[in-house]
Amino acid sequence: MRPEVPLLTAQARQLRRDVFSMIHHCGDGHPGAALSIADLITALYFKVLRVDPKNPEWPARDRFILSKGHACPVYYAALARRDFFPVEWLPTLRKLGSPLQGHPVMKKTPGVDMTTGSLGHGIPIGAGMAAAGRLAKLDYFTYVITGDGELNEGIVWEAAQSAAHMKLGRLIAFVDNNGWQSGGYIKDVSGLQNIAAPFAAFGWHTQEIDGHDFTQILDAIELAQAETERPSLIVAHTIKGKGIPFTENDNSWHKRVPTKAELASALDHLKD
Amino acid sequence: MITAMDKIASTREGFIAGLLEAAAADPKICLVFADSLKAARATPFTEKYPDRWFDVGICEQNAAAFSAGLASTGLKPFFNTYAGFITMRACEQVRSFAAYPHLNVKFIGLNGGIYGGEREGVTHMVFEDFGIMRSIAGMEIVVPADAGQARKATVAFAQREGPGYMRLGSGREPVIYDDSVPFEFGKARVVREYGTDVAIFAIGPILKRAILAADALAREGIKTTLVEVHTLKPLDVNTITGVLRQTRAAVTLEDHNINGGLGSAVAEVIAEQEPATLIRLGLRDVFAESGDAELLFDHYGMGTPHVCDAVKQLMRRK
């Protein structure tokens, strides 16, 4: 086991507590998706990303795009816990005047590199960031987390083709492959099961990992970083709602607000 | 009627000439294509700046989103392809990822209006772009009247912060202005000032027809003021209300559906600020068809005689 895993595990628990609390207080949000990527977000923000919370616009920073913008509570929690802004902002999620919009908005929230929300845009925009980095001779990486249902969007495949053709080796995209989309199982709604195969056909470097295993996540990122010519896709097998027993793999938590009792139960389960 | 005797020049080439000027002074300027490099006549730029252009292939949504990614790092991308494919196919990417974050992406739409789509047919024309882009918050819109103005407008546009849309034509636009005429962003230009009987507002290369109409009317003793509104947004409301106050009657002429474009913009000014009668000339909520652009304009009610008739109608209502 990597030595950093216990700390990352504790950090991910903190983010999951934040997510459930935020959505409870806000009265709206997508807990299932946020919990699904909590470990990926933790690995990125507490181990991998080269960012400076005191200088969020640092030109040479690594970029991150949350393509599945509806999972933003866990993103905001990570930014707050990394000191991009005060933790006290978290309960203001989705409230009038809050810097924490219902979906991520750059220039409103410190540390958010790109506005997202309508699905499919992380990879094409990330490709632009990666191409700009190459032009500027900066060595930053651009990371994207996209959903699996989100891959239904055609623009994903437009960008899959052009990013590979442009040899954007510093673009690294995760697919949060929890197997669900809004309307049900992906296998029932839209069909794509072998996600890596079409990306590989377009010329991407692809890997498949357990998206809740920090050792696998970090190993995969290092392999992706070492790939200089091909953009990288890491299919992270995840569990929607991961970390809270009664939300795991239950799609009713796609968009649902925990009651006070549910919040208490979740916090109890997630305590350190 | 525009005839073979008229000098023709390309607004596309005017844009590239202007971009070369701007790019020499600003290393952040770059070009994005959706397999549109040839259509954009952009080779002079791509040869001079081989690392400052990107072609993502035939996928405009991807190109617009990719441009937003470039711009998020401080680059100033100009995404250049067919106007209809930018404003309709990639509308959401333009709105949500360039305009909403107020990024420095400039969208350069070729083949705008009937002037663009002649012979290609309706799929390659666009008569809706003004209306679509005008409704996006913070989007600036410029429509140069000829090639020389396209060059100068591009230099001016490159200085603007934030998202912008410039509509260009097919490459066979009549030359209207002498090369000494400057381009001032955001400022409507009085082109003819015969008198205050009726105002004529025109936008884009079709301005040529409005000039012919104003001159013909003057020969009949009808004295118009002709204003070129090359910057559709932000609209030069001061100049427009100033002219309306004198004429209390206006004709608008645009290579666009009468809904949503210049006619609508002037109607809004009339309704909110300066009452006047108005006739909007443009496509009257119909689709055009293939054919020579000049013949199409005449066929769809955007000819010089139509402008003259509209002015006379408004005179009778006075």
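See the structure above.
Worth saying up front: this structure is predicted, and the values here are computed from it rather than measured. (Residues numbered from 1 in each chain as written. Chains lettered and ligands numbered in written order. Predicted model: local features only at pLDDT ≥ 70, side-chain atom pairs only at ≥ 80, totals over all residues.)

1. Considering the sheet that holds strand β12 (residues 231-233) of chain B
Sheets are built from strands that pair by backbone hydrogen bonding, the pairs being arranged parallel or antiparallel.
Residue and element names in this part refer to chain B.
So, point 1. Taken together, the seven strands give an open sheet; going across it, the order is β3-β2-β4-β5-β7-β6-β12, and neighbouring strands pair in mixed fashion. Here the strands that pair on one side only, and so sit at the sheet edges, are β3 (53-55) and β12. Neighbour-to-neighbour, the strand axes of this sheet turn through a mean angle of 20°, independent of strand direction.
So, point 2. Relative to strand β7 (residues 164-167), strand β5 (residues 106-110) runs parallel, the two sharing four bridges. Bridge pairing in β7 places Gly109 opposite Arg167.
So, point 3. This element, helix α8 (residues 147-158), spans β2 (29-33), β4 (76-82), β5, β6 (140-142) and β7 of the sheet and lies at about 175° to β7. (Pairing = 2+ DSSP bridges. Helix = DSSP H or I, 4+ residues; strand = E, 2+ residues; numbered from the N terminus. Axes fitted to C-alpha atoms, helices over the stretch in contact; angles between N-to-C directions. Contact = placed C-beta atoms within 7 Å.)

2. Some remarks on the nonpolar core
So, point 1. By size, the foremost hydrophobic cluster in this structure holds 185 residues, and its most contacted members are A:Val74, B:Ile200 and B:Val251.
So, point 2. A domain split of this core shows at least three residues from each of domain 1 (8-174) and domain 2 (189-317) of chain B.
So, point 3. Sequence-distant contacts of A:Val74, defined by excluding residues within four places in its chain, comprise A:Leu15, A:Val19, A:Ala34, A:Ile37, A:Ala38 and A:Ile41. (Core = buried A, V, L, I, M, F, W, Y, C linked by C-beta atoms within 7 Å. Buried ≥ 20, exposed ≤ 12 C-beta atoms within 10 Å, placed from the backbone. Domains from an automatic or database assignment.)

3. Focus: the packing of helix α6 (residues 154-165) of chain A against helix α3 (residues 60-72) of chain B
So, point 1. As a packed pair, α6(A) and α3(B) sit with axes 9 Å apart at the nearest point and diverge in direction by 70°. Considering the angle they form, α6(A) stands roughly perpendicular to α3(B). Where α6(A) approaches α3(B), its residues A:Ile155, A:Glu158, A:Ala159 and A:Ser162 are matched on the opposing element by B:Gln61, B:Asn62 and B:Ala65.
So, point 2. Across the contact of α6(A) with α3(B), the residue classes break down as three nonpolar, three polar and one charged. (Parallel < 35°, antiparallel > 145°, perpendicular 65-115°, else oblique. Nonpolar A, V, L, I, M, F, W, Y, C, P; charged D, E, K, R; others polar.)

4. Structural notes on the interface of chain A and chain B
So, point 1. Chain A puts 21 residues into the contact, and the matching count from chain B is 21 residues.
So, point 2. Put simply, the parts of the chain that give the side of chain A that touches chain B at least two residues each are α5 (122-135) and α6 of chain A.
So, point 3. Among the residues making up the side of chain A that touches chain B, the classes are represented as 11 nonpolar, seven polar and three charged.

5. A word on the sheet that holds strand β2 (residues 142-147) of chain A
Residues and elements named next belong to chain A.
So, point 1. One open sheet holds the five strands; their spatial order is β1-β2-β3-β7-β6, and the pairing between them is parallel. Across the chains shown, the open sheet's two edge strands, defined by having one partner strand only, are β1 (63-66) and β6 (205-210). The mean angle between the axes of side-by-side strands here comes to 20°, regardless of whether they run parallel or antiparallel.
So, point 2. Sheet topology places β6 next to strand β7 (residues 232-237); six bridges connect them, and they run parallel. Each residue of the ladder has a partner; that of Asp210, found in β7, is His237.

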